[in-house]
Structures are given as C-alpha cells and as structure tokens.
Amino acid sequence: MIETPRQLFMRHVAPTSFTPLNIEVVRAKGVYLYGPNGERYIDTVSGISTANVGHCHPKVVEAVKNQAEQYMHLMVYGEFVEYPQVMLAKKIADLLPPSLNSVYFVNSGTEATDGAIKLAKRYTHRPEVVAFKKAYHGSSIGASSIWGDEYFKSAYRPLMPGVRMLNFNSFDDLAQITENTACVVTEAIQSEGGLNIPENGWLAALRERCTATGTLLIIDEVQMGWGRTGKWFGFENFGIVPDVVTFAKGLGGGMPIGAFVADKKMMEVFCDHPILGHITTFGGHPVCTAAALANINVIEDEHLVETATEKGDYFASLIEKHPRVIRTWGLGLFRGIEVDHSIDMSNFWHKTLNNNVVTDTFLFRDNAFRFTPPLIISHAEIEEAVDGLMKTLDEM
Ligand code: PMP
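Residues numbered from 1 in each chain as written. Predicted model: local features only at pLDDT ≥ 70, side-chain atom pairs only at ≥ 80, totals over all residues. Heavy atoms only, no water.

Trainee: What's the story with the overall build of the protein in this structure? I'm lost.
Mentor: Within the protein, the regular secondary structure consists of 13 helices and 15 strands. In terms of C-alpha radius of gyration, the protein reaches 21 Å, essentially the compact-globule figure of 21 Å for 396 residues. A principal-axis box enclosing the C-alpha atoms of the protein has dimensions of 60 × 55 × 45 Å. A total of 396 residues make up the protein; the buried ones form 55% of that total. When contacts within the protein are restricted to residue pairs at least 6 apart in sequence, those whose partners lie at least 24 apart make up 72%. For the protein, the exposed area adds up to about 17,500 Å²; of that, 56% sits on carbon and sulfur atoms. Once the 34 positive and 46 negative side-chain charges of the protein are each reduced to a mean point, those two points are 2 Å apart. (Helix = DSSP H or I, 4+ residues; strand = E, 2+ residues; numbered from the N terminus. Rg over C-alpha atoms; globule rule 2.2 N^0.38 Å. Buried < 20%, exposed > 50% of the residue type's maximum accessible area, 1.4 Å probe, protein only. Contact = heavy atoms within 4.5 Å. Areas by Shrake-Rupley, 256 points an atom, 1.4 Å probe, with all protein chains shown as cover. Lys, Arg positive; Asp, Glu negative; His and termini not counted. Charge placed at Lys NZ, Arg CZ, Asp CG, Glu CD.)

What follows is the structure in structure tokens.
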C-alpha cells in the first residue's frame, strides 16, 4: 500500500510535538499557502516572523535561480571573495549604525546567538553571560543555556555554566550586571516571551549599565528585525545602539541564513589565539546571501518598513471589535491579541485552520495569540484574516 505524504510525515519526519499542525502545502505565494485539494490558507505568522516579503517573492526567487546557476557552495566561510556575500555584508552594514560594520554569516538564529556569545567571551575575557527570563534565543546548547525557562532547559543540564537570568524590565536587576559579565543577550522586545515591550527607559538603562561595566550588549533581532516593528530593527524603537546584533529568519526572504554583526575590531578576535576562533562551512552560502540581498531590496523598494505600523493599526482596529478580544498591543506588524480568559486557547491554531487562517500563540503568555503576517499583506487580506479569526473566536 502506498502511504500518503501525511502518513510519511508522521512516520519519518522527526516530530517536535504530538500535535503538529499537519496541513499539507504544495505551493505558497504572497500571504497564501495552498493545499493539494484546493485549500487556501492565509498566513498570519510568516513562518514565525520569517516571510516578511511574503512567500516566493518573485525577486527573491529570481535571485535564487540566478545564483544557483552561477555557483553554490565553494569553500568554507571566510576564505573566498564571493560577490553575493560581499554585497549583502555591505548592505547590512549600510543599514546599521556605523559601529555595526562587520558581518559574520551563519545559517540560523541559534548559531548567531552562539557566535555572538563566543565573540563576547573572547573579546572581554570574562566568564559570565546574562539573559532574561522568558527569553528564547535558539536551541543549540549555547542558546539553550540562556533559554529563560527551567521547564524547557532543565532536561539538558549540564548546560553552559556562568549564566545569570534576570527579570526583563526590572531596573533593580541591572545591578547584577558587573565587571564579570561578558555580555547581556536580549531582544529589544521579547517575542516568544509574549511580546513584552520594555518599559520606558529600561533598554536605555540596560545600555548604560553595559557601558559602565564594559559588558557587551547583544540584541537579538531574529524576529524583530527587517521591518517587523515598523523600523528596520527593533532596537531603533528605543534609541539605543547595541554592541552586537544577531539576525536570521526575516533576513533570508525564505532561505536559511543567520548573522551576527559587530565592529570589525571586535570581530578580529576570531583570527588570533586561537586562529579560526569561530568557523562554519555553509555560513554566507552564495544562494542564501543572494536571496537575502534581494529580500532587503524588496523591503526597501516596496516601503515595507514605512507601511507596517499603519497596517498593524488597521488590523488592531478591526479585531478589537470582537467582544471576546480584551486588548491588542504591539508595534508595526507584530501584534498581540489578548482574549477573554474563559476561552481555552490550547488548540487555537488548529481551530483557526478550519477557517483557513494560520496563526500562533506565544510560548510564555496565555490567553493571547499573535498577528505577524508578511509585511506585504494588503488591507483586503487583513480583512480576510480578521474574518477567519473572528469566526474562530465565535465558535470557541
Ligand atoms: N532568537 C529568536 C528571538 C527566535 O525567535 C528564534 C527562533 N524562533 C531564534 C533566536 C533561533 O532561530 P533559529 O530557529 O533560526 O535557530
């Protein structure tokens, strides 16, 4: 008997939960995912803040095809002059403050986190790493060590030693950052933590404390970067400049790529004692960097940064009309929706699928879901998504 793709998925693709979303997708375009039997889903998650320019943007697809025909992997990262990589590094540096000018390419967000932590330890010669409760920065052992939740990390101990977890938004806790601290890792706005926006002045106070103690401030832009919050980068909403930023997800336009960015002087520590202080085979892959460059150009040309807030506000004004919505909050096209606490949200994302909407809740916030659609979403598509979400809320 021939097994269906769904049966093969359940049998051979390693699971991460016993209740995967399980929809079959044969094609994706813009904000829509298409199934084999004519199903059409509107995507309000963007593969977790990844498809910022929508699925299969023609400019990104063209860049991928062209580069695949020129060359793919040639040599381990950091040895050859590869044009797509060079042009992307320049583009990223041009968009960032002048002190963030040297781009180390990796393949994912968790690698960017690990690389940035290694950089900070090597640069400062200090042992301690500070991060915040409810934070998520990746699943490799380094990034898992700063996962802000005991439930998720305790099964994997011993993890990286010397980690201190503080409370996000606590001014008092900042005193625990000392001359012993190599770096502080945080998002400007905690995404999986439940879209936690820092209180007035808190990020500036964190920046000040890091500067006073010679600690590097690493801002994780994996979800907040590339226009999501109505600025190019999440940290720009708070008037601070980090020492290091990390990227992945929305950088690649659908292709796998990550990066951490710092000042060249800092990055040079990887060249000496030990030489090859951080290495990767596929980091800065030609096809992925070509796709990322096309992706950034689309964000720029289609004014996706400038329009994100107005679209997010439009969504909020519609969904707030539903009687079971308590409030919405957030920036740009990263919105949280808090619903009536009597609603059982445990299978919310399965239920919205029945109304053809892909959605997601938060790792560390109950009674809420997120709205993080591709930034190219139109007003009509926002209305369609809201329709499906409201129908689901009606049914619950
Ligand atoms: N940082 C943040 C804020 C994330 O949301 C994620 C992934 N959800 C990561 C890092 C890790 O990225 P990746 O899955 O590409 O390793």
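Structure shown, so let's carry the discussion forward.
Trainee: Where do I start with the sheet that holds strand 6 (residues 163–166) in this structure?
Mentor: Sheet strands line up and pair through hydrogen bonds in the backbone, either parallel or antiparallel. Taken in spatial order, the 7 strands make up an open sheet running 4-10-9-8-7-5-6, and their pairing is mixed. Single-partner strands in this sheet number two, and they are strand 4 (102–106) and strand 6. Taken pair by pair, the neighbouring strands of this sheet meet at an average axis angle of 20 degrees, ignoring direction. Of the strand pairs in this sheet, strand 8 (residues 216–220) and strand 9 (residues 244–247) are connected by 3 bridges, and their pairing is parallel. Bridge pairing in strand 9 places I219 opposite V245. The strands touched by helix 4 (residues 83–95) are strand 4, strand 9 and strand 10 (258–262); relative to strand 4, the strand with the most contacts, the crossing angle is about 125 degrees. (Pairing = 2+ DSSP bridges. Axes fitted to C-alpha atoms, helices over the stretch in contact; angles between N-to-C directions.)

Trainee: Please explain the environment of K153 as it appears in this structure.
Mentor: Relative to the helices and strands, K153 is located in helix 7 (residues 150–153). Exposure remark for K153: the relative accessible area of 3% places this residue in the buried category. The sequence separation of K153 and I48 amounts to 105 residues, and the corresponding C-alpha distance is 21 Å.

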